[in-house]
Amino acid sequence: MTAYLALENGLVFAGASFGSQKEATGEVVFATGMTGYLETLTDPSYYGQIILQTFPLIGNYGVIPEDFESPAIGARAYIVKEPCQAPSNFRSDGIIDTFLCKHGITGLCGIDTRALTKIIRNHGVMNGRITLTPPTEADFALAKSHSLSDVIAAVSCRAVTKTSEGTYRIALLDFGAKRGITTELKKRDCEIWTLPFDTPAAEIAKLKPHGIMLSNGPGDPSAPENAPIVRTLKALYDMGIPIFGICLGHQLLALAMGHKTMKLKFGHRGANQPVKEASTGRVFITSQNHGYAVIAKNSSFINVNDGTCEGLDYGGSFSVQFHPEARGGPLDTGFLFDRFMERVSIYAKG
């Protein structure tokens, strides 16, 4: 079945429908990973967006539930050049087409994904609408007016849960947490308590955590509905408990510490983003997924490509814009979890 992508600037791409055959509207963003499409699709940070994969063949190793970062697909729709219909992998449990259908996610294939990526790079991210009939003026209007709010609430857990046993008690504030974060903490002998995004600082303190983990998540960190979270993080920081923030957690902690954020032209999404550690000059290749950045002068990590802030250190607490849990992506910065645990251990000993 023919399907169309109508961009808010008036451009139209005609291709074919796959996955769930229904219309979808969202912000069109591109991801540059050659692998890791399952982790991308199940990353809550993509909530409400239309993902464009720059790598031309997607689905060649099938669908592997063990690799999912969450039970649901965060994206509103998925655009690829060619979805593989015959994956080759002993771990595969299905094909990408069926996977999208099962979750009710719209797919679009067969368009010039290279040309679309260039448009986004040149003009910045923009809204789009996927239709099953030639787009009308109403479709362009829907794309242009589209917006989301309360996105963290949409992806956060609903109740406090204890997800593992261990020596060090970690409170994980769930803004849309990837499973890889808890996996890394479990490796390091942590008792993990996963908490809803709006848990008050006083309730978190009652757990007597040795450390606080701030997860990744979707949306604009400076959105008005996030103001209570920012106040909570400032209160937690003032308690002296070690904090480690990742991606959105990094941005929200930065806001709590008096920094500001800005929207990037087309964001950093993929498993090949180089960052430099300011203190050592070492460069690491990182996995990233964000459309906003912190405005700061004394960054602990800096993006080599555009010079934006990739990390901040506050003494007992620190945060990074990239994903050291690296699902999917390179393992270069996994040591940051060890750095966090060093501070947690010191705090636990009093």
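These numbers come from a predicted model, not from an experiment. (Residues numbered from 1 in each chain as written. Predicted model: local features only at pLDDT ≥ 70, side-chain atom pairs only at ≥ 80, totals over all residues. Heavy atoms only, no water.)

### Some details on empty space enclosed by the protein
Under the convention used in this document: The distinction between a cavity and a pocket rests on a 1 Å grid over the protein atoms alone: a 1.4 Å probe fits inside a cavity but cannot get out, while a pocket stays open yet meets protein on both sides within 12 Å along at least five of seven lines, and a residue with an atom within 4 Å of a point counts as lining. Grid points are joined across faces, edges and corners, and a volume is the space filled by probe spheres set on the points. Only DSSP runs of H or I reaching four residues or more are called helices, and only runs of E reaching two or more are called strands; each is numbered from the N terminus. Three classes are used: nonpolar for Ala, Val, Leu, Ile, Met, Phe, Trp, Tyr, Cys and Pro, charged for Asp, Glu, Lys and Arg, and polar for all others, with Gly counted as polar. Here the limits of each domain have been adopted from an automatic or database domain assignment.
Applying the stated rule across the entire model yields one cavity of 30 Å³ or more. Taken as a whole, the largest cavity holds about 180 Å³ of empty space. Taken together, 20 residues make up the lining of the largest cavity; nearest its centre are Gly36, Thr40, Gly270, Ser287 and Gly328. Of all elements in the fold, only helix H1 (37-41), strand E15 (260-277) and strand E16 (283-295) reach the threshold of two or more residues within the lining of the largest cavity. By residue class, the composition of the lining of the largest cavity is three nonpolar, 12 polar and five charged. Two domains each provide a minimum of three residues to the lining of the largest cavity, namely domain 1 (2-148) and domain 2 (152-348).

### Considering the sheet that holds strand E10 (residues 161-162)
Let me state the cut-off plainly: Two strands qualify as a pair provided DSSP detects at least 2 bridges between them. Contacts are assigned to residue pairs that have any heavy atoms within 4.5 Å of one another. The axes are straight lines fitted to the C-alpha atoms, using for helices just the contacting stretch, and the angles between their N-to-C directions are given from 0 to 180°.
Spatially, E10-E12-E11-E13-E14-E19-E18-E17-E15-E16 is the arrangement adopted by the 10 strands of the open sheet, whose pairing is mixed. Sheet topology places E10 and E16 at the edges, where each strand pairs with a single neighbour. Relative to strand E19 (residues 318-320), strand E18 (residues 309-313) is paired through three bridges, and the arrangement is antiparallel. Along E19, the bridge assignment pairs aspartate 313 with phenylalanine 318. Packed onto the sheet, helix H6 (residues 179-187) meets strand E11 (168-174), strand E12 (190-196), strand E13 (211-214) and strand E14 (243-246) and runs at close to 155° relative to E12.

Worth remembering: the numbers are spatial, not functional.
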